Amino acid sequence: MQAVVPLRSRSSPAFVRRRADRVRAVLRARYPEVRPQLLHRSPFELLIATILSAQCTDRQVNRVTPALFRELPGPRDFASAPLSRIEALVRSTGFYRNKARNLKACCRALLAGHGGEVPRTLEELVRLPGVGRKTANVVLGAAFGVPGIVVDTHVARISRRLGLTVHRDPRRIEQDLMAIVPRREWSAFSLRLVFFGRETCTARRPRCPECPLGSICPYVGKTPADSALPAPQALRGRRKAPATTLPRGGGSVRGATRRTG
Ligand code: SF4
């Protein structure tokens, strides 16, 4: 039987650290080897691919980058290419005008300030156009082996659900995780949370009944063990709800289904 922990001490630094240790151990066992999913052959390609991955899936970025790097293999090529050409090449990653402008400006800054090379420090990276802490930490971790906590939407959501942070601001979340995860694991821990967020602790309907962290997770919105509801996104595509799922007097398909659960 589990020991009863007084409520007040459940948010103490020592308790949170112990929970983080458990999370790390479980996720390490589940995802022993982790690597960024963005295809790249150099720090430069990783930098460009990571900028493109904002608001876009890694899979889609991987579809776009082979042709992009065939036509524009280095910073000089991006810097001299017409903006409209870069836009056309990255269009399918979304927000393409903004991204194309940032890519061009970033490559110009690489040429002007770094001899065309990708810098190896966070301070220098975040000064490049289109590069925030998230992108900088991805590049540092995967291209140069410099550990960094990467706070994307999965990392932010799961860290809050697991009570590893109470913050929403990525910078504060990053600081909280840096304090409870050993430095050498920063990059790998971030990636493990991302994989876990895609597979299990999803945004809309986390798979709590099958979650290996269920016994230590304090998230109040946990999916109940007997939940057999289809995910909301699966319902959205349906044209017509089966008559049996509608509540008396009508109602939305989503509302009706919730009731029957
Ligand atoms: S129990 Fe649910 S909310 Fe908690 S970590 Fe697991 S999937 Fe996420």
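Coordinates for the structure precede this section.
**Student:** Whenever I open this one, the overall build of the protein confuses me. Can you help?
**Tutor:** Looking only at helices and strands, the protein features 13 helices and zero strands. Starting at the N terminus, the α and β elements of the protein follow one another as α-α-α-α-α-α-α-α-α-α-α-α-α. Counting contacts in the protein only where the partners sit at least 6 residues apart, residues at least 24 apart contribute 55% of the total.

**Student:** Honestly, the site of the ligand in this entry has me stumped. Any pointers?
**Tutor:** Lining the immediate surroundings of the ligand are 13 residues, of which Cys201, Pro206, Cys208, Cys211 and Cys217 lie closest. Tallied by class, residues from the shell around the ligand come to eight nonpolar, two polar and three charged.

**Student:** When you look at unusual backbone geometry in this model, what are you seeing that I'm missing?
**Tutor:** Leave glycine aside and you will find that most residues have negative phi; peptide bonds, for their part, are mostly trans. For Gln55, which is not glycine, the phi torsion reads 60° and is therefore positive. One can find Gln55 in the loop between α2 (43-52) and α3 (58-71). Owing to 11 C-beta atoms within 10 Å, Gln55 belongs among the exposed residues under this scheme. Backbone geometry at Phe95 places phi at a positive 45°, although glycine is not the residue there. Here Phe95 lies in the loop between α5 (83-90) and α6 (96-114). For Phe95, a count of 14 C-beta atoms within 10 Å puts it in the partly exposed group.

**Student:** Just checking my understanding: could you explain the packing of helix α9 (residues 153-161) against helix α11 (residues 186-199) for this structure?
**Tutor:** Packed helix pairs are specified by the crossing angle of their axes together with the interaxial distance, meaning the distance between the axes. Between α9 and α11, the shortest axis-to-axis distance is 8 Å and the interhelical angle comes to 85°. As summarised for this structure, α9 and α11 are arranged roughly perpendicular, according to the angle between their axes. Here α9 contributes His154, Val155, Arg157 and Ile158 to the contact with α11, which in turn contributes Ser190, Leu193, Val194, Phe196, Gly197 and Arg198. Along the lines of polarity and charge, the residues of the contact of α9 with α11 split into five nonpolar, three polar and two charged.

**Student:** Explain the packing of α2 against α6 to me, please; I cannot follow it from the model alone.
**Tutor:** Where α2 meets α6, the closest approach of the two axes is 10 Å, and the angle between their N-to-C directions is 155°. Taken together, the axes of α2 and α6 are roughly antiparallel relative to one another. The interaxial crossing formed by α2 with α6 has right-handed handedness. Residues Ile48, Ile51 and Leu52 of α2 pack against Lys99, Asn102, Leu103 and Cys106 of α6. When grouped by side-chain class, the residues that make up the contact of α2 with α6 number five nonpolar, one polar and one charged.

**Student:** Explain α9 to me, please; I cannot follow it from the model alone.
**Tutor:** Side chains of residues three or four places apart in an α-helix project in the same direction, reflecting 3.6 residues per turn. Among all positions in α9, only His154, Val155, Ala156, Ile158, Ser159 and Arg161 are buried. Positive backbone phi, approximately 75°, marks Gly163, located one or two places after α9.

Cut-offs and rules
Residues numbered from 1 in each chain as written. Predicted model: local features only at pLDDT ≥ 70, side-chain atom pairs only at ≥ 80, totals over all residues. Helix = DSSP H or I, 4+ residues; strand = E, 2+ residues; numbered from the N terminus. Contact = placed C-beta atoms within 7 Å. Near = placed C-beta within 6 Å. Nonpolar A, V, L, I, M, F, W, Y, C, P; charged D, E, K, R; others polar. Buried ≥ 20, exposed ≤ 12 C-beta atoms within 10 Å, placed from the backbone. Axes fitted to C-alpha atoms, helices over the stretch in contact; angles between N-to-C directions. Parallel < 35°, antiparallel > 145°, perpendicular 65-115°, else oblique. Left-handed = near helix turned anticlockwise from the far one by under 90°.

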